[in-house]
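# Examining the three-dimensional arrangement
Chain by chain, the residues run as shown.
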Amino acid sequence: MYRTRLFHLAAVLLLPFLGCSSGSQQESLAAPDSVPLQQSNVRIPVQVAEILEARLSETLDLTGTVEPWDDFHVTAEIPGRVETIHVDEGDWVEKGDLLLELDKVQRDLEVRSRQARLKQSEVELEYAKKRLARAQALLEKGAISQSEVDTLSERVGFAASGVDMARVAIESMEEELRDTQVFAPAPGQISERRVSVGEAVNSSSALFKIIQLDPVQVVTEISEPYLQEVVPGERAQFTFDAFSGASFSGTVHRIHPVANPQSGAFPVEIRLDNPKRKFLPGMIVRITLS
């Protein structure tokens, strides 16, 4: 009796485990065939658009430096000693402003001397003309020969030539007097003064260097792969550390045909208008080209 109860108890305890194992095995074997395929009812929206041809834009970020649009050296037309200097480095000048004066005392004296020679030549010419007029009157009366009249006529010609030469000499010296004053040939800023008062200069001496800053040029370099993409007239955007938050625009002016031998890139000049003269040479610029 005790053994029968024990057997029934063991069977009861094992029954759940046997049923679970058998069911699990049957479910795993039947799963692939028993799960039906279901069709999805979700609708995916589709938009139709016409295919268009368009140009894609790539932004090229560069760094450049502000340089003067042009610069030139001012020289004297004649030799002389510097008497007065009217400008200094940093001064802004307009075309025609007086920059420097050379000593003109000796040239003043020379002009007076040549003016005196002119008066003497004019007196000689008048005298020669009067003699010729009297000779022509005597020739009509038969008192002198034609050869004598011709000789006096030649003297009048020589005297007239002397007057002309004296006038040319005066004009030449007056031109030198005007050249003792040196004027600015174009507007700009005096970046260098290379002469002092009392210094002797000649016609090849550089007296001043003037730079033109309106507009200025921003110089940068582009590598060979982008060479064909950047063309003159293309717009460029600029930003400066000195003007944070502000953006400026310019246009590509020129692309040099020869690469920089050190970097292998091609120099590019970009024009930037500078009416207020706030962009100064040496400033670092960040450039954006599309």
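Just so we're clear, the structure is a prediction, and the values are computed from it rather than from any experiment.

Across its full length, the chain carries 3 helices and 12 strands. Split into buried and exposed, the 290 residues of the chain put 27% on the buried side. In the chain, once contacts between residues fewer than 6 apart in sequence are set aside, the share between residues at least 24 apart is 72%. Accessible surface for the chain amounts to roughly 20300 Å². Of this, 53% is attributable to carbon and sulfur atoms.

With that settled, consider a nonpolar patch on the surface. There is a patch of nonpolar side chains on the surface, built from Ile-44, Val-46 and Val-48 and spanning about 410 Å² of accessible area. Looking at the secondary structure, you find Ile-44 in the loop between α1 (2-34) and β1 (60-75).

As a further point, take the nonpolar core. Looking at soluble globular proteins, one finds that nonpolar side chains tend to be buried together. By size, the foremost hydrophobic cluster in this structure holds 21 residues, and its most contacted members are Val-218, Phe-238, Phe-240, Ile-270, Leu-272, Ile-287 and Leu-289. Counting residues per element, the ones that place at least two in this core are β1, β8 (206-222), β9 (235-240), β10 (248-255), β11 (266-272) and β12 (284-289). Per-element tally for this core: the top contributor is β8, with 5 residues. Setting aside residues up to four positions removed in sequence, Phe-240 forms contacts with Val-66, Phe-248, Leu-272, Phe-279, Met-283, Ile-284 and Val-285. Val-87, Val-93, Ile-190 and Leu-207 belong to the second largest nonpolar core, which has 19 residues in total.

Turning next to the pattern of salt bridges. A side chain with one charge can pair with a side chain of the opposite charge if their charged atoms come near. All told, the structure shown has 10 salt bridges when counted by the stated rule. For the salt bridge of Asp-88 with Arg-193, the shortest nitrogen-to-oxygen distance reads 3.0 Å. Highlighted residues: Asp-88 in the loop between β2 (80-85) and β3 (92-93) and Arg-193 in strand β6 (residues 188-193), separated in sequence by 105 residues. With a relative accessible area of 36%, Asp-88 lands in the partly exposed category. With a shortest N-O distance of 2.9 Å, Glu-110 and Arg-114 are connected by a salt bridge.

Attention now goes to the environment of Glu-175. Following the sequence through the fold, Glu-175 ends up in helix α3 (residues 146-179). In this structure Glu-175 comes out as partly exposed when scored by relative accessible area, which is 36%. Among the polar contacts listed, one links the side chain of Glu-175 to the side chain of Arg-178, at a separation of 2.5 Å.

At a closest axis distance of 8 Å, the pairing of helix α2 (residues 105-141) and α3 adopts a crossing angle of 165°. Accordingly, the angle class assigned to the pair α2 and α3 is roughly antiparallel. The chirality of how α2 crosses α3 is left-handed. Taken together, the residues of the contact of α2 with α3 break down into 18 nonpolar, 7 polar and 13 charged.

By the element assignment, Gln-189 lies in strand β6. We classify Gln-189 as buried; its relative accessible area is 16%. For Gln-189, the side chain forms a polar contact with the main-chain oxygen of Gly-90, separated by 3.2 Å. The contact partners of Gln-189, leaving out residues within four places of it in the chain, are Gly-90, Asp-91, Trp-92, Lys-209, Ile-210, Ile-211 and Leu-213.

Thresholds, definitions, all that
Residues numbered from 1 in each chain as written. Predicted model: local features only at pLDDT ≥ 70, side-chain atom pairs only at ≥ 80, totals over all residues. Heavy atoms only, no water. Helix = DSSP H or I, 4+ residues; strand = E, 2+ residues; numbered from the N terminus. Buried < 20%, exposed > 50% of the residue type's maximum accessible area, 1.4 Å probe, protein only. Contact = heavy atoms within 4.5 Å. Areas by Shrake-Rupley, 256 points an atom, 1.4 Å probe, with all protein chains shown as cover. Patch = residues over 30% accessible without salt bridge, like charges linked within 9 Å, V, L, I, M, F, W, Y side chains within 5 Å. Salt bridge = Lys/Arg side-chain N within 4 Å of Asp/Glu carboxyl O. Core = buried A, V, L, I, M, F, W, Y, C linked by side-chain atoms within 4.5 Å. Polar contact = N/O pair within 3.5 Å; in protein donor to acceptor, adjacent residues only side chain to side chain. Axes fitted to C-alpha atoms, helices over the stretch in contact; angles between N-to-C directions. Parallel < 35°, antiparallel > 145°, perpendicular 65-115°, else oblique. Left-handed = near helix turned anticlockwise from the far one by under 90°. Nonpolar A, V, L, I, M, F, W, Y, C, P; charged D, E, K, R; others polar.

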